[in-house]
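As a plain string of letters, each chain reads:
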Amino acid sequence: MGTVAAVGEHMRVRGLALAGVEVLVAERAQDVREVWRSLPDDVSLVIVTAAAADALGPELADARFLTAVMPP
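On a predicted model such as this, the values are computed, not experimentally measured, just so you know.

Student: So what's going on with the overall build of the protein chain? Residues and values would help.
Tutor: The helix and strand tally for the protein chain stands at 3 helices and 4 strands. Element order for the protein chain, N to C, with α for helix and β for strand: β-α-β-α-β-α-β. Computed over its C-alpha atoms, the radius of gyration of the protein chain comes to 11 Å, within 12% of the 11 Å expected for a compact globule of 72 residues. Referenced to the eigenvectors of the C-alpha coordinate spread, the extents of the protein chain come out at roughly 30 × 25 × 20 Å. Looking at the 72 residues of the protein chain, the share that counts as buried comes to 33%. A total of about 4200 Å² of accessible surface is found on the protein chain, and carbon and sulfur atoms cover 59% of it. Counting 6 positive and 10 negative side-chain charges, the protein chain places the averaged centre of each group 5 Å from the other.

Quick look at the structure:
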């Protein structure tokens, strides 16, 4: 089983670290895209904030990961 990562604004994802999720803070759209493209191959689930999902657009459908979008 791979790891779980969360991408998005600090205030929205920071608590997930308590559950062992690798938290990757990205406040700006450009940062979200950079973090997304640099996710390691051992990640199997990515949790993204609604703002991060908007920033990713079609890239969100990347087949490398199972993706869950947090509600706004």
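Student: Describe the environment of P71, and please don't skip the residues or the numbers.
Tutor: Tracing the backbone shows P71 in the segment after β4 (66-69). Distance from P71 to L60, taken between C-alpha atoms, is 15 Å for residues 11 residues apart in sequence.

Student: Would you mind going over the sheet that holds strand β1 (residues 3-8) in detail, with residue names and values included?
Tutor: Spatially, 4 strands are ordered β2-β1-β3-β4 in an open sheet, and the strand pairing comes out parallel. Each edge of the open sheet carries a strand with a single partner, namely β2 (22-25) and β4. Between one strand axis and the next, the sheet turns through 20° on average, direction left out of account. Pairing geometry for β1 and strand β3 (residues 43-48), over 5 bridges, is parallel. Residue pairing for β3: A6 is matched across the bridge by I47.

Student: Any chance you could break down the pairing of β1 for me, citing the residues and the numbers?
Tutor: Direction of pairing for β1 relative to β2: parallel, over a ladder of 4 bridges. If you follow A5 over to β2, its bridge partner there is E22.

Student: Lay out the nonpolar core in plain terms, naming residues and giving numbers.
Tutor: If you look at soluble globular proteins, the nonpolar side chains tend to sit buried side by side. Membership of the largest hydrophobic core comes to 17 residues, with the highest contact counts inside it found for V7, V32, W36, L39, V46 and V48. Of all the secondary structure elements, the ones that give two or more residues to this core are β1, α2 (29-37), β3 and α3 (50-56). Looking at this core, the element that brings in the most residues is α3, giving 4 residues. Apart from residues lying up to four places away in sequence, V32 is in contact with V7, A26, A52, A55 and L56.

About the thresholds
Residues numbered from 1 in each chain as written. Predicted model: local features only at pLDDT ≥ 70, side-chain atom pairs only at ≥ 80, totals over all residues. Heavy atoms only, no water. Helix = DSSP H or I, 4+ residues; strand = E, 2+ residues; numbered from the N terminus. Rg over C-alpha atoms; globule rule 2.2 N^0.38 Å. Buried < 20%, exposed > 50% of the residue type's maximum accessible area, 1.4 Å probe, protein only. Areas by Shrake-Rupley, 256 points an atom, 1.4 Å probe, with all protein chains shown as cover. Lys, Arg positive; Asp, Glu negative; His and termini not counted. Charge placed at Lys NZ, Arg CZ, Asp CG, Glu CD. Pairing = 2+ DSSP bridges. Axes fitted to C-alpha atoms, helices over the stretch in contact; angles between N-to-C directions. Core = buried A, V, L, I, M, F, W, Y, C linked by side-chain atoms within 4.5 Å. Contact = heavy atoms within 4.5 Å.

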